[in-house]
Amino acid sequence: MTSARRRSYGVRSAPYAFLLPAVILFALFFALPIGYALWLSLHKVKVSGLGLGAGARKEVWAGIGNYTDALTDSELLGGALRVAGYGAIVVPVMLGLALVFALMLDAEKVRFTPFTRLAIFLPYAVPGVVAALLWGFLYLPDVSPFYFVLDKLGMPQPDLLDGGPLYLALSNIAVWGGTGFNMIVIYTSLRSIPAEVYEAAKLDGATPLQIALRIKIPMVAPSLVLTFFFSIIATLQVFSEPTTLKPLTNSVSTTWSPLMKVYQDAFGKGDIYSAAAEATIIAIVTLVLSFGFLRTANSRNKQEAAR
């Protein structure tokens, strides 16, 4: 009886034993850092006298003071506005190209589909810093072959690293690197549509364009929602592209994006407490926007299904 109970207990506890490594890793590398960041965001350093000697700098409770300072910081708000303009270019262009490429690859008469699919996806495999350096040197008039060709043709040579064109330059890097991934997600969803659906549409006299607009795009709507969700998160977390291009132009400041502001405060100024509060605000904004968008998309899908 005792051995039977032990075997029964072992069977019941087996799933928890398998989950234990994942739970430990989640706690150590996700939950614990988040908790520590929240704890830092509620504290600050109090300096006594000249700040020299033992006990001159003490960590004290700050409450929501760091959050109030962050929400009224013009540099952080300015970075948020710049990222909003950047995202207004990147997200629709990238997802539009991804959808077009996926529909083209899913067409019946397309040749060399595996090679084309790999060629479109390949830029996504290039690290973001490497891609930013690559395009950064292509934007420099002194070393770029594009400017050499424009000069020989007597055409104007716009400075893509200054002023308004900077948004296009940064957006181009993101679109070049992210279109392939989104295309694969949408293309995979297209390949899962039953062939009988297309055959029925053809029997009804639908053209390839009508099939794409009235069947394919509506049926891959969940994939479009998913890619849009990922693109919004990536846009709010833009960091490597402007940071990499910063040495090449004076138009990119150390606080161009919110995450660059966090990095500057944490490692440039040494104020990890304010940086933790700013990072927490960015995380909350990302969570609220993502949750709101997903909830809106789900309610819309339910309404369409009810019809």
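All values reported here derive from a predicted model rather than from experimental measurement.

Student: I would appreciate a short explanation of the overall build of the protein in the present structure.
Tutor: Across its full length, the protein carries 13 helices and 2 strands. Relative to the 2.2 N^0.38 estimate, which gives 19 Å for 307 residues, the radius of gyration of the protein is 26 Å and therefore markedly larger than a compact globule would have. Out of the 307 residues in the protein, the part that is buried amounts to 32%. Here the protein has roughly 19,300 Å² of accessible surface; of this, 69% comes from carbon and sulfur atoms. Positive and negative side-chain charges in the protein, numbering 24 and 18 respectively, have mean positions lying 13 Å apart.

Student: Is there a simple way to explain the packing of helix 7 (residues 165-191) against helix 10 (residues 221-236) in this structure?
Tutor: Axis angle and axis distance: for two packed helices, these are the angle between their axes and the distance between the axes, and together they describe the pair. Contact geometry of helix 7 with helix 10 gives a least axis separation of 9 Å together with a crossing angle of 165 degrees. Here helix 10 runs roughly antiparallel to helix 7, going by the angle between their axes. You can see that helix 7 and helix 10 cross each other, and the crossing is right-handed. Listed contacts from helix 10 to Phe181, Asn182, Val185, Ile186 and Ser189 of helix 7 are Ser223, Leu224, Leu226, Thr227, Phe230 and Ser231. Its residues assigned to classes, the contact of helix 7 with helix 10 shows 6 nonpolar, 5 polar and no charged.

Student: Where do I start with the packing of aromatic side chains in this structure?
Tutor: Inspection of the entire model under this criterion finds 13 aromatic pairs. Relative to Trp176, the ring of Trp135 has its centre 5.9 Å away and its plane inclined at 75 degrees; by these criteria the two rings are edge-to-face. Residue Trp135 is located in helix 5 (residues 128-139), and its partner Trp176 is located in helix 7; the two are separated by 41 residues in the primary sequence. Assessed through its relative accessible area of 27%, Trp176 is described here as partly exposed. Between Phe239 and Tyr263, the aromatic rings sit 5.6 Å apart at their centres with planes inclined by 55 degrees, giving tilted as the arrangement. In this pair, Phe239 sits in the loop between helix 10 and helix 11 (240-245) while Tyr263 sits in helix 12 (residues 258-268), placing the two residues 24 residues apart along the sequence. Cluster of aromatic residues (ring-pair linked, three or more members): Phe121, Tyr124, Phe181, Phe229 and Phe230. Its end group placed over the ring of Tyr198, Lys216 keeps NZ or CZ at 5.3 Å from the ring centre.

Student: Explain the nonpolar core to me, please; I cannot follow it from the model alone.
Tutor: Among soluble globular proteins, nonpolar side chains are generally buried collectively. Tyr86, Ile173 and Trp256 are the most contacted members of the largest nonpolar core, which totals 22 residues. Put simply, the parts of the chain that give this core at least two residues each are helix 3 (74-105), helix 5 and helix 7. For this core, the element with the most residues is helix 7, which contributes 6 residues. Once you skip the residues sitting within four places of it in the chain, Trp256 turns out to touch Gly79, Arg82, Tyr86, Leu166, Tyr167, Leu170, Pro242 and Ser251.

Student: In this structure, what is going on with the packing of helix 9 (residues 208-219) against helix 10? I would like to understand it.
Tutor: At a minimum axis distance of 4 Å, the contact between helix 9 and helix 10 shows a crossing angle of 55 degrees. It follows that helix 9 is oblique to helix 10 by the angle criterion. Along its contact with helix 9, which presents Ile217, Pro218 and Met219, the element helix 10 presents Ala221, Pro222 and Leu224.

Student: What is the right way to read the pattern of salt bridges from this model?
Tutor: Pairing between side chains of opposite charge can happen when the charged atoms of each approach one another. According to the stated counting rule, one finds 6 salt bridges in the structure shown. A salt bridge links Lys216 to Asp106; the shortest N-O distance between them is 3.0 Å. With Lys216 in helix 9 and Asp106 in the loop between helix 3 and helix 4 (113-125), this residue pair connects regions lying 110 residues apart in the sequence. The pair formed by Lys216 and Asp106 is uniform in burial state, with each residue classed as buried. Notably, a salt bridge pairs Lys269 with Asp265, separated by 3.6 Å at the nearest N-O pair. What you see here is one network of salt bridges that share partners, running through Asp73, Lys261, Asp265, Lys269 and Glu278.

Student: Explain helix 7 to me, please; I cannot follow it from the model alone.
Tutor: Residues spaced three or four apart along an α-helix point in a common direction, a consequence of the helix completing one turn every 3.6 residues. With 27 residues, helix 7 should cover 39 Å at 1.5 Å per step; its first-to-last C-alpha distance of 38 Å lies within 8% of that length. Bending of helix 7 peaks at approximately 35 degrees at the position of Gly178.

Student: How do you make sense of the side chain of Ser257 when you look at a structure like this?
Tutor: Positionally, Ser257 belongs in the loop between helix 11 and helix 12. Discounting residues that sit within four places of it in the chain, Ser257 has contacts with Gly79, Val83 and Val238.

So, how was this worked out
Residues numbered from 1 in each chain as written. Predicted model: local features only at pLDDT ≥ 70, side-chain atom pairs only at ≥ 80, totals over all residues. Heavy atoms only, no water. Helix = DSSP H or I, 4+ residues; strand = E, 2+ residues; numbered from the N terminus. Rg over C-alpha atoms; globule rule 2.2 N^0.38 Å. Buried < 20%, exposed > 50% of the residue type's maximum accessible area, 1.4 Å probe, protein only. Areas by Shrake-Rupley, 256 points an atom, 1.4 Å probe, with all protein chains shown as cover. Lys, Arg positive; Asp, Glu negative; His and termini not counted. Charge placed at Lys NZ, Arg CZ, Asp CG, Glu CD. Axes fitted to C-alpha atoms, helices over the stretch in contact; angles between N-to-C directions. Parallel < 35°, antiparallel > 145°, perpendicular 65-115°, else oblique. Left-handed = near helix turned anticlockwise from the far one by under 90°. Contact = heavy atoms within 4.5 Å. Nonpolar A, V, L, I, M, F, W, Y, C, P; charged D, E, K, R; others polar. Phe/Tyr/Trp six-rings, centres within 6.5 Å; stacked < 30°, edge-to-face > 60°. Lys NZ or Arg CZ within 6 Å of the ring centre and 35° of its normal. Core = buried A, V, L, I, M, F, W, Y, C linked by side-chain atoms within 4.5 Å. Salt bridge = Lys/Arg side-chain N within 4 Å of Asp/Glu carboxyl O. Expected span 1.5 Å × (residues − 1). Bend = angle between axes of the 7 residues up to and from the residue.

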